[in-house]
Amino acid sequence: MFISFEGIEGSGKSTQIKIISESLQKKGHDVISVREPGGTEVGEKIRKIFLQETTENFDPLTEVLLLYASRKQLDNEIIKPNLKKGSIVIADRFFHATKAYQCYGKGVELNLVEYLHKTLNISEPDLSIYIDINPELSRKRISNRKADRIEQESLDFFSRVQHGYLQLEKESKNFILVDGSKSIEKISGEIDSLIKELLNV
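The rules we used
Residues numbered from 1 in each chain as written. Predicted model: local features only at pLDDT ≥ 70, side-chain atom pairs only at ≥ 80, totals over all residues. Heavy atoms only, no water. Helix = DSSP H or I, 4+ residues; strand = E, 2+ residues; numbered from the N terminus. Contact = heavy atoms within 4.5 Å. Buried < 20%, exposed > 50% of the residue type's maximum accessible area, 1.4 Å probe, protein only. Arc of directions from axis to C-beta. Pairing = 2+ DSSP bridges. Axes fitted to C-alpha atoms, helices over the stretch in contact; angles between N-to-C directions. Patch = residues over 30% accessible without salt bridge, like charges linked within 9 Å, V, L, I, M, F, W, Y side chains within 5 Å. Areas by Shrake-Rupley, 256 points an atom, 1.4 Å probe, with all protein chains shown as cover. Salt bridge = Lys/Arg side-chain N within 4 Å of Asp/Glu carboxyl O. Core = buried A, V, L, I, M, F, W, Y, C linked by side-chain atoms within 4.5 Å.

1. With respect to the environment of Ile32
Next, step 1: Of note, Ile32 is situated in strand E2 (residues 31–35).
Next, step 2: Between the C-alpha atoms of Ile32 and Ala147, which are 115 residues apart in sequence, the distance is 27 Å.
Next, step 3: Filtering out sequence-adjacent residues up to four positions away, Ile32 remains in contact with Ile78, Asn82, Ser87, Ile88, Val89 and Ile90.

2. Examining helix H2 (residues 41–51)
Two residues of an α-helix separated by three or four positions point the same way, owing to the 3.6 residues in each turn.
Next, step 1: Listing the buried residues of H2 in full gives Gly43, Ile46, Arg47, Phe50 and Leu51. Projected down its long axis, H2 carries its buried residues within an arc of 120°, all on one side. Those residues of H2 that are exposed and aimed more than 90 degrees away from the buried face are Glu41, Lys45 and Lys48.

3. What to know about the sheet that holds strand E1 (residues 2–6)
Next, step 1: If you walk across this open sheet you meet the five strands as E2-E3-E1-E4-E5, and the pairing is parallel. The open sheet has two edge strands with one neighbour each: E2 and strand E5 (175–179). Here the average twist between neighbouring strands, direction ignored, is 20°.
Next, step 2: Across four bridges, the pairing between E1 and strand E3 (residues 88–92) is parallel. In the sheet register, Phe2 faces E3, and the bridge partner there is Val89.

4. Overview of a nonpolar patch on the surface
Next, step 1: A cluster of nonpolar residues, Leu61, Leu112 and Tyr115, forms a patch on the protein surface that exposes about 280 Å² of accessible area.
Next, step 2: Assignment of secondary structure puts Leu61 in helix H3 (residues 60–85).
Next, step 3: Taking relative accessible area as the criterion, Leu61 reaches 42% and is therefore assigned partly exposed.

5. Quick look at the nonpolar core
Next, step 1: Ile8, Tyr101, Val161 and Tyr165 are the most contacted members of the largest nonpolar core, which totals 19 residues.
Next, step 2: For this core, the elements supplying multiple residues, two or more each, are H2, H3, helix H4 (95–104) and helix H7 (155–171).
Next, step 3: Examining the composition of this core, we find that five residues originate from one element, H7, more than from any other.
Next, step 4: For Tyr101, the residues in contact, after removing those within four places along its chain, are Gly7, Ile8, Glu9, Arg93, Lys106, Ile150, Phe157, Phe158, Val161 and Tyr165.

6. Quick word on the pattern of salt bridges
Close approach of charged atoms allows side chains with opposite charge to pair.
Next, step 1: Tallied over the entire structure, the rule returns 17 salt bridges.
Next, step 2: Of the charged contacts in the structure, one is a salt bridge between Glu44 and Arg35, with a shortest N-O distance of 2.7 Å.
Next, step 3: Glu44 sits in the partly exposed class, given a relative accessible area of 29%.
Next, step 4: Taking the shortest distance from any N to any O, the salt bridge between Lys45 and Glu41 comes out at 3.9 Å.

7. Thoughts on the pairing of strand E4 (residues 127–132)
Next, step 1: With six of six residues buried, E4 lies mostly within the body of the structure.
Next, step 2: Here E4 shows no split at all, with Leu127, Ile129 and Ile131 on one side and Ser128, Tyr130 and Asp132 on the other all buried.
Next, step 3: Pairing between E1 and E4: four bridges, direction parallel. Each bridged residue has a counterpart across the sheet, and for Ile3 the counterpart in E4 is Leu127.
Next, step 4: By the bridge criterion, five bridges tie E4 to E5 in an arrangement that is parallel. Residue pairing for E5: Ile131 is matched across the bridge by Val178.

By themselves, these figures tell us nothing about what the structure is for.
Given below as structure tokens:
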């Protein structure tokens, strides 16, 4: 069983992943948590390149190719083997993030990302949970930490990313929106119910 969590910076993905992972483990499930980009030795090196500041113009297509290099490695090395064993794999972002950030946010063609995903034979989540917050709340929540290259993007960019996620929620199968402005407890309760209802775990 493969679950991904989506959302812009400060949406609370990491907190909710920790809560749901611990809850599923208490119920006797083997749970593997991964992040994107990253999650493998190769992926973590790509993550460093992807997020560090640079004086160069970082082409959005370069971003997509780096993300898919990391994603392919992660899928081969961790996701597929653990799904085969019957584990529950939880990802902090997956291919919906590429569509929201690089396609809706930066203008890369959606068809290209869909083609890459299909051609590279990469796993697809059984359930994707999108924690929705607006860019203003995002900026407020991350204001006390050093911003990486992506976090330094404009509010207008994050508005496009949020719009992208909202479009994907309308169009994508098993892509569920949760209001990220609610309390941590209310959000985790909703997510717990979603997983019980849709995935019967």
